[in-house]
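Structural overview for review
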Amino acid sequence: MGFLDRSRIIAGAGWNRWLIPPAALAIHFSIGQAYAWSVFKIPLEDSLDISGTASALPFQIGILVLGLSAAFGGTLVERKGPRWAMFVSLVAFSAGFLVAALGVATRNYWLVVLGYGGIGGVGLGIGYIAPVSTLMKWFPDRPGMATGTAIMGFGGGALIASPWSTEMLKAFGSDTSGIAKTFLVHGLAYAAFMSLGVVLVRVPPEGWRPAGWTPGDDAGKRLVTTANVSARNAVRTPQFWLLWVVLCMNVTAGIGILEKAAPMIQDFFQDTASPVSASAATGFVALLSLANMAGRFVWSSVSDVVGRKNIYRLYLGAGALLYLTIMLEKDSSTALFVASTMVILSFYGGGFATVPAYLKDLFGTYQVGAIHGRLLTAWSVAGVAGPLIVDSIADSAHESGDTGPALYTFSFTLMMGLLVIGFIANELVRPVHPKFHEPEPAARAEPAPPEETPDPLPAERR
């Protein structure tokens, strides 16, 4: 297993840093399949005779385990290196699909939850953080753009997975046998694609920096530090927990839509003159994935210019207003609904891509990957809360006889309130107090004790 050692992937002289984003994309495009889970919801509900809340559970557990594995594995990923992390992600994510395929084939629902959610969730978490600190080391001059380029792959994974999964379900069938075969193909195909990232990834040599860039170039920006904070100290700062709230609120508000996208748009317009078909709903999932992907690159790149705090003001403030627009307009316009949800999902994706750079600004690059992993516990909470809010409220409203937009009115009101809470938390972010900073390298070593010198005075004169 020496192939996975960090020492084996130190880039040689002249290595092109622009090869690193494609390596990251090979992983993120694959694990981004998670955002196409809504395509499987109705087939699983029909074939396994489960509710909408139950069909969301594998996805919820996957996101929960994602955050936990990122939090507990963040320091290990920093130490072992990105190739080791990408390989672990490949094995866990692919194995999760194979176990889920067995669960569907045997009609064992909990095996599906264990496979896709438990085992696959480890692959999601380790794979998600694997390239982040590496990208910021290669692109310290453009951290938002760099992480956005790679993380947009996670958002865009469903752009490929959604139509691909739909076509396989048509070809294999949407019964247990067809779903199992679809999961099996996913597991094998993603293993092959993710291996490209494992082979291609490199880390920069010690002391490397881009031509023409110096570490102090951004020092004039108020929330950008040239100091470093360890992961252990970062979680003791109010800034970490404020960003935790910001990320959690932003993710909850977006993931609830994304997880139920296909049935949601069908429910919303079922009582109108132009109801949405299943194939059109699949197209809606693809559009949301496109918006999610584009937002990760566009908004994170914009954050390099306007600053992280300002861009989160946009995500959270404008997101709340868009939810209000949907609630007021209801099912009056399919185009308005699609456009509004696409922008919300672009903010959702942008929030993910911008947060590593926000962390780098506040805490430095010393252990930013480990800090990022700990922050992703906010995603774990949001991954459970968002779908639970939307699915459980919709199920309850359906049992009460409600239809159309009424199924989602209360959950959308909650989402709007959560975004306002996130907006307030972002406003409270300030620079990290110097007491949390790591000492400069020269100051970290204990000074040697002074050598004892003979006292020049005789004992009787002291």
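None of these values were measured; they are calculated from a predicted model.

**Overview of the overall build of the chain**
Secondary structure assignment for the chain yields 18 helices and zero strands. Radius of gyration (C-alpha) of the chain: 24 Å, near the 23 Å computed for a compact globule of 462 residues. With respect to the three principal axes, the spread of C-alpha positions in the chain is 105 × 50 × 45 Å. Of all 462 residues assigned to the chain, the portion counted as buried reaches 57%.

**Looking at the packing of aromatic side chains**
Tallying each qualifying case throughout the model produces 33 aromatic pairs. Judged by centre distance (5.5 Å) and plane angle (80°), the ring pair of F97 and Y116 falls under edge-to-face. Highlighted residues: F97 in helix α4 (residues 82-105) and Y116 in helix α5 (residues 109-129), separated in sequence by 19 residues. Each of the two residues, F97 as well as Y116, counts as buried.

**Digging into the environment of W15**
Summarising the element assignment, W15 is placed in the segment before α1 (20-31). On a C-alpha basis, the gap between W15 and L324 in space is 49 Å, while along the polypeptide they are 309 residues apart. Residues contacting W15, with those up to four places away along its chain left out, are I20, W138, L200 and R202.

**A few points about a nonpolar patch on the surface**
Together, F297, V298, V302, V305 and V306 line one region of the surface with nonpolar side chains, adding up to about 390 Å² of accessible area. For V302, the position within the fold is in helix α12 (residues 278-306). V302 gets classed as partly exposed once you look at its relative accessible area, which sits at 31%.

**Description of unusual backbone geometry**
In the Ramachandran plot, D49 falls in the positive-phi region, its phi being about 55° despite a non-glycine side chain. The residue K330 is not glycine, and still its phi comes out positive at about 55°. Of note, K330 is situated in the loop between α13 (308-329) and α14 (334-363). Taking the relative accessible area as the measure of exposure, K330 reaches 46% and is therefore partly exposed.

**Let's talk about the pattern of salt bridges**
Counted according to the given criterion, the structure contains nine salt bridges. Between R308 and D304 there is a salt bridge, and its shortest N-O distance comes to 2.8 Å. Judged on exposure class, the residue R308 and its partner D304 are both buried. Between R313 and E427 there is a salt bridge, with its nearest N and O atoms 2.6 Å apart. You can see R313 sitting in helix α13 and its partner E427 sitting in helix α17 (residues 409-427), a full 114 residues away along the chain. Exposure remark for R313: the relative accessible area of 30% places this residue in the partly exposed category. Among the charged side chains, a network of salt bridges with common partners joins K41, E45, K260 and D391.

**Quick look at the side chain of T147**
With respect to the helices and strands, the residue T147 is situated in helix α7 (residues 143-172). From its side chain, T147 meets the backbone oxygen of P143 in a polar contact 2.9 Å long. Within polar-contact distance, the side chain of T147 engages the backbone oxygen of A353 at 3.0 Å. Contact partners of T147, with chain neighbours within four places excluded, come to V132, L135, M136, A353 and P356.

**Overview of the nonpolar core**
Counting 126 residues, the largest nonpolar core has Y128, F183, Y323, Y348, F352, F363 and W379 as its most contacted members. The residues touching W379, leaving out its near neighbours within four places in the chain, are Y35, I63, L66, Y128, F154, V251, I255, Y348 and F352. A11, A24, W138 and M145 belong to the second-largest nonpolar core, a separate cluster that totals nine residues.

**Describing α4**
With 24 residues, α4 extends 35 Å from end C-alpha to end C-alpha; this agrees with the ideal 34 Å at 1.5 Å per step. One or two steps after α4, the chain reaches R107, where phi turns positive at roughly 60°.

**Regarding α7**
Residues three or four positions apart in an α-helix share a direction because the helix packs 3.6 residues into each turn. Its 30 residues give α7 an end-to-end C-alpha distance of 43 Å, which sits within 8% of 44 Å, the value for a rise of 1.5 Å per residue. The largest bend along α7 reaches roughly 45° and is located at G155. Among the 30 residues in α7, 22 count as buried, and that is most of the element. Just past α7, the residue G173 takes up positive phi, approximately 100°.

**Considerations on the packing of helix α15 (residues 368-375) against helix α16 (residues 377-399)**
The relative placement of two packed helices is expressed as an angle between their axes plus a distance between the axes. Where α15 contacts α16, the two axes come as close as 4 Å, and the packing angle between them is 25°. Taken together, the axes of α15 and α16 are roughly parallel relative to one another. In this structure, α15 contributes G373, R374 and L375 to the contact, and α16 contributes T377, A378 and W379. Taken together, the residues that form the contact of α15 with α16 break down as three nonpolar, two polar and one charged.

Basis of the calculations
- Residues numbered from 1 in each chain as written.
- Predicted model: local features only at pLDDT ≥ 70, side-chain atom pairs only at ≥ 80, totals over all residues.
- Heavy atoms only, no water.
- Helix = DSSP H or I, 4+ residues; strand = E, 2+ residues; numbered from the N terminus.
- Rg over C-alpha atoms; globule rule 2.2 N^0.38 Å.
- Buried < 20%, exposed > 50% of the residue type's maximum accessible area, 1.4 Å probe, protein only.
- Phe/Tyr/Trp six-rings, centres within 6.5 Å; stacked < 30°, edge-to-face > 60°.
- Contact = heavy atoms within 4.5 Å.
- Patch = residues over 30% accessible without salt bridge, like charges linked within 9 Å, V, L, I, M, F, W, Y side chains within 5 Å.
- Areas by Shrake-Rupley, 256 points an atom, 1.4 Å probe, with all protein chains shown as cover.
- Salt bridge = Lys/Arg side-chain N within 4 Å of Asp/Glu carboxyl O.
- Polar contact = N/O pair within 3.5 Å; in protein donor to acceptor, adjacent residues only side chain to side chain.
- Core = buried A, V, L, I, M, F, W, Y, C linked by side-chain atoms within 4.5 Å.
- Expected span 1.5 Å × (residues − 1).
- Bend = angle between axes of the 7 residues up to and from the residue.
- Axes fitted to C-alpha atoms, helices over the stretch in contact; angles between N-to-C directions.
- Parallel < 35°, antiparallel > 145°, perpendicular 65-115°, else oblique.
- Nonpolar A, V, L, I, M, F, W, Y, C, P; charged D, E, K, R; others polar.

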